[in-house]
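Structural overview for review
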Amino acid sequence: MPRIGLIAGNGRFPFLVLEAATRLGHDVTVVAIREEADPALEQAAADRPSVRVHWISLGQLGRCTEILRDAGVPRVLMAGQVKHTKLFSGLVPDLTLLSILTRLRSRNADALISAVADALRTNGIELVDSTVFLRPLLAGAGTLTGRAPTAEECDDLAFGYAVADRMAGLDIGQTIAVKDRAVVAVEAMEGTDDVIARAGRLAGPGVRVVKVAKPNQDMRFDVPVVGLPTIRAMQAAGATVLSVDEGKTLVLDRDFFSAADAAGIAIVGRRRG
């Protein structure tokens, strides 16, 4: 039976990976981050004899590596978010992670996780594309809902792309909200739903949401994700349209597009390059 490791953060992403990997006959070693991962992973594992769950605290990179190495795992993927703000509060790095942090010139997500990937590789463990088991869930191109965006919404999206792409290229964030060709809110460390809520407070109904992949998106980590919470946040804010990038954005909920239709929200998949 092929073996794979799963480093689990929060949300449904780890559950979907677990289901798909075991369905394909993989033996899965889960390293769950105690401060982020859902305790229900234990129950999901109990129903699958080929799955073992190990809990670690955020910052225990040495322990994570040890677990994966002892399990004989040659490949590992990351699934689920770890809030970037945890880098500034609640993080107690072990000696392995501390040695990485002291060498980093920047502590943004790309720099940190690339360094973690290098540390895993030195132990014979390769960090792989986090969507490897979930390719059917990647967003398609064009209008993805029953309602297409209006001409005014398309103008706002076109305006937003240039700003969002530049912002993502600087590894600041991947989501912006615009209205009437003006930037209303920009994502940093707080996450997509908080950006949408702030946009609703600042500009009222009618904001448009643009979520992009980085220009050279590394699909091993920080892959854009949307789900039903995104739709609920947009409804609460009065946002009318969402753009995601084709082939680079995971849609985690089966009812995502029907929920958008019910809310009158248009969703489009932008073709890249």
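Heads up: the structure comes first, above all this text.
Below is a short write-up of the structure. (Residues numbered from 1 in each chain as written. Predicted model: local features only at pLDDT ≥ 70, side-chain atom pairs only at ≥ 80, totals over all residues. Heavy atoms only, no water.)

**What about helix 6 (residues 151-169)?**
The end-to-end C-alpha separation of helix 6 is 27 Å, in line with the 27 Å expected for 19 residues at 1.5 Å each. Of all the bends in helix 6, the greatest, near 30 degrees, is centred on Gly-160. If you check which residues of helix 6 are buried, you get Glu-153, Asp-156, Leu-157, Gly-160, Tyr-161, Ala-164, Met-167 and Ala-168. Looking at the buried positions of helix 6, the neighbouring elements they touch are strand 7 (175-179), strand 8 (182-186), strand 9 (208-211), strand 11 (241-245) and strand 13 (266-270). (Helix = DSSP H or I, 4+ residues; strand = E, 2+ residues; numbered from the N terminus. Expected span 1.5 Å × (residues − 1). Bend = angle between axes of the 7 residues up to and from the residue. Buried < 20%, exposed > 50% of the residue type's maximum accessible area, 1.4 Å probe, protein only. Contact = heavy atoms within 4.5 Å.)

**Structural notes on the packing of aromatic side chains**
A complete count under the given rule lists 1 aromatic pair for this structure. Positioned above the aromatic ring of Tyr-161, the side-chain terminus of Arg-270 is 4.4 Å from the ring centre. (Phe/Tyr/Trp six-rings, centres within 6.5 Å; stacked < 30°, edge-to-face > 60°. Lys NZ or Arg CZ within 6 Å of the ring centre and 35° of its normal.)

**Observations regarding the side chain of Lys-211**
Turning to its location among the elements, Lys-211 is positioned in strand 9. Although buried, Lys-211 forms no salt bridge, and the nearest oppositely charged side chain, Glu-187, lies 4.8 Å from it. Looking at Lys-211, its side chain comes within polar contact range of the side chain of Thr-192, at 2.6 Å. The contacts of Lys-211, once residues within four sequence positions are left out, are Gln-174, Thr-175, Thr-192, Pro-224, Val-225, Val-226, Leu-242, Ser-243, Val-244 and Asp-245. (Lys, Arg positive; Asp, Glu negative; His and termini not counted. Salt bridge = Lys/Arg side-chain N within 4 Å of Asp/Glu carboxyl O. Polar contact = N/O pair within 3.5 Å; in protein donor to acceptor, adjacent residues only side chain to side chain.)

**Some points on a nonpolar patch on the surface**
On the surface, Leu-170, Ile-172, Val-183 and Val-186 cluster together into a nonpolar patch covering about 320 Å² of accessible area. You can see Val-183 is positioned in strand 8. (Patch = residues over 30% accessible without salt bridge, like charges linked within 9 Å, V, L, I, M, F, W, Y side chains within 5 Å. Areas by Shrake-Rupley, 256 points an atom, 1.4 Å probe, with all protein chains shown as cover.)

**Here we look at the environment of Gly-11**
Mapped onto the elements, Gly-11 comes out in the loop between strand 1 (3-8) and helix 1 (13-23). The class for Gly-11 is partly exposed, based on a relative accessible area of 41%. Here the alpha-carbon distance between Gly-11 and Gly-72, two residues 61 residues apart in the chain, equals 27 Å.

**Brief notes about the nonpolar core**
Leu-6, Val-17, Leu-18, Val-28, Val-30 and Leu-77 are the most contacted members of the largest nonpolar core, which has 28 residues in total. Among the secondary structure elements, those contributing two or more residues to this core are strand 1, helix 1, strand 2 (27-33), helix 2 (41-46), strand 3 (51-56) and strand 4 (75-79). Leave out the neighbours within four places in its chain, and Leu-77 touches Ile-4, Gly-5, Leu-6, Ile-7, Val-17, Leu-127, Val-128, Asp-129, Ser-130, Val-132 and Phe-133. (Core = buried A, V, L, I, M, F, W, Y, C linked by side-chain atoms within 4.5 Å.)

**Re unusual backbone geometry**
Unusually for a residue other than glycine, Asp-180 sits at a positive phi of about 50 degrees. You can see Asp-180 is positioned in the loop between strand 7 and strand 8. Non-glycine residue Asp-222 carries a positive phi angle of around 60 degrees. Structurally, Asp-222 can be placed in the loop between strand 9 and strand 10 (225-226).

No statement about biological role is implied by the geometric values presented.
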